[in-house]
Amino acid sequence: MAFTAQDVKALREKTGCGMMDCKKALTQANGDMDAAIDFLREQGLAKQAKKASRIAAEGMAYAATNDTNDIGVVIEVNAETDFVAKNEEFQAFVKTCAATVMEKNPADVEALLAETAVGSDKTIGELLQEKVLVIGENIKVRRFERVEGPCVAYVHAGGKIGVIVTFETDLASKPEFVAYGKDLAMQIAALNTAYLCKEDVPAEVLEHEKKIMTEQVINEGKPANIAEKIVMGKIGKYYKENCLLDQEFVKDNKQNIQQYTNATAKALGGSIKVTGFIRYEKGDGIEKRQDDFAAEVASMVK
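So, a few notes on the structure that sits alongside this text.

This brings us to the packing of helix 8 (residues 175-191) against helix 11 (residues 257-268). Think of two packed helices as two axes; the pair is described by the angle between the axes and how far apart they sit. At a closest axis distance of 10 Å, the pairing of helix 8 and helix 11 adopts a crossing angle of 175°. When the axes of helix 8 and helix 11 are compared, the pair comes out roughly antiparallel. In contact with Glu-176, Phe-177, Tyr-180, Asp-183, Leu-184 and Gln-187 of helix 8, helix 11 contributes Ile-257, Tyr-260, Thr-261, Thr-264 and Leu-268. For the contact of helix 8 with helix 11, the per-class residue count stands at 6 nonpolar, 3 polar and 2 charged.

Our next topic: the sheet that holds strand 4 (residues 151-156). Strand order across the open sheet formed by 3 strands is 4-5-8, with antiparallel pairing between neighbours. On the outer flanks of this sheet lie strand 4 and strand 8 (272-281), each paired with one strand and no other. Mean inter-strand twist for the sheet, computed between neighbouring axes without regard to direction, equals 15°. As paired strands, strand 4 and strand 5 (residues 161-169) are joined by 6 bridges and run antiparallel to one another. Paired with Val-155 across the bridge in strand 5 is Gly-162. The strands touched by helix 8 are strand 4, strand 5 and strand 8; relative to strand 5, the strand with the most contacts, the crossing angle is about 135°.

Now for the nonpolar core. In terms of nonpolar packing, the biggest core is built from 26 residues, with Val-165, Phe-167, Phe-177, Tyr-180, Leu-184, Leu-244 and Val-274 touching the most fellow members. Elements represented by at least two residues in this core include exactly strand 4, strand 5, helix 8, helix 11 and strand 8. Ranked by residues supplied to this core, first place goes to helix 8 with 6 residues. With residues near it in sequence (within four places) discarded, Leu-244 still touches Leu-184, Gln-187, Ile-188, Thr-193, Tyr-195, Leu-196, Ile-257, Val-274 and Phe-277. Grouped together as the second largest cluster of nonpolar side chains are 25 residues, Tyr-62, Ala-64, Ile-75 and Ala-117 included.

Ordered in space as 1-2-3, the 3 strands form an open sheet in which the pairing is antiparallel. In the strand order of this sheet, the two ends are held by strand 1 (59-65) and strand 3 (140-148), each with one partner. Averaged over all neighbouring strand pairs, the angle between strand axes comes to 10°, with direction disregarded. Two strands pair when backbone bridges link them, and strand 1 and strand 2 (residues 71-78) are joined in this way by 7 bridges, in the antiparallel orientation. Paired with Tyr-62 across the strands is Ile-75, a residue of strand 2. Each of strand 1, strand 2 and strand 3 is contacted by helix 5 (residues 88-104), which is oriented at about 140° to strand 2, the strand it contacts most.

Attention now moves to helix 8. Relative to the 24 Å expected for 17 residues at 1.5 Å per residue, helix 8 spans 24 Å between its end C-alpha atoms, a close match to the ideal helical length. All buried positions along helix 8 are accounted for by Phe-177, Tyr-180, Gly-181, Asp-183, Leu-184, Ala-185, Gln-187, Ile-188 and Ala-189. Summarising the contacts, the buried residues of helix 8 are in contact with strand 4, strand 5, strand 6 (248-249), helix 11 and strand 8.

Further remarks concern helix 9 (residues 203-219). Taking 1.5 Å of rise per residue, 17 residues should cover 24 Å, and helix 9 covers 24 Å from first to last C-alpha, within 8% of that figure. Within the sequence span of helix 9, burial applies to Leu-206, Glu-209, Ile-212, Met-213, Gln-216 and Val-217. Summarising the axial view, the buried residues of helix 9 lie within an arc of 135°, below the 170-degree limit, and thus occupy one face. Residues of helix 9 that are exposed and point over 90 degrees away from its buried face: Ala-203 and Glu-204. Along its buried surface, helix 9 packs onto helix 3 (33-42) and helix 10 (224-242). Positive backbone phi, approximately 95°, marks Gly-221, located one or two places after helix 9.

Conventions we followed
- Residues numbered from 1 in each chain as written.
- Predicted model: local features only at pLDDT ≥ 70, side-chain atom pairs only at ≥ 80, totals over all residues.
- Heavy atoms only, no water.
- Axes fitted to C-alpha atoms, helices over the stretch in contact; angles between N-to-C directions.
- Helix = DSSP H or I, 4+ residues; strand = E, 2+ residues; numbered from the N terminus.
- Parallel < 35°, antiparallel > 145°, perpendicular 65-115°, else oblique.
- Contact = heavy atoms within 4.5 Å.
- Nonpolar A, V, L, I, M, F, W, Y, C, P; charged D, E, K, R; others polar.
- Pairing = 2+ DSSP bridges.
- Core = buried A, V, L, I, M, F, W, Y, C linked by side-chain atoms within 4.5 Å.
- Buried < 20%, exposed > 50% of the residue type's maximum accessible area, 1.4 Å probe, protein only.
- Expected span 1.5 Å × (residues − 1).
- Arc of directions from axis to C-beta.

Listed below in structure tokens is the structure:
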């Protein structure tokens, strides 16, 4: 299968590896992008494949709950530059969008744009058009999610990441519970947690990781007959790194998040079960055009 300069560019953006390594990987994989990523990971050159869909775009990720912490919203609104993302008018528009989602529960972005904005007689779409004219950049409501039931919100780094954590609990009204919930949300934001618990890791993901780990162990020179035991140890580490309830609590590494949850519930005299979380990072999965880079690598691919 042939590949192009754009393929080399895309692989470099996804893995962070050098151009020559990306070209070599695509050659080895006969142009298959997924196989090329696997090859780079197996060689230890791309240890963070999750970079694959994290090419940055500007804007703001925002999360909020209502006063009783039983409705939550996480939303992303994009702009062209970081300068606009820090603009007070832009940030106020994002918060208006979140409040409108919270109150009116639109089905999707198109429905949200047609809703009358909270605190205004204009629709979200009309307000958006006004902001484009005033601010002078293209603005787009990209996505949102709304949850019902006990929840806690957290916004990281002024809008780089927005997180909602959901619970089953009889403690939602207690300030101490909200503080605990924010601890979890901050951990999710900081560590880019992928799953709630080990049972949530899809079987195909686990098998794929085992394959990569096995190749890594063999490439490190370990005998094949002990590779399986080493890989099982690595799988345990994978759970601790990627599953929230198994992760060490960043504020106290003597306990994991499940133990912290149990201790908090006991101290507050109630019950807490973490049921899920939503993490939005601004620009997650949005590719920026880099035509100048494509020209740079074009001469490398024959």
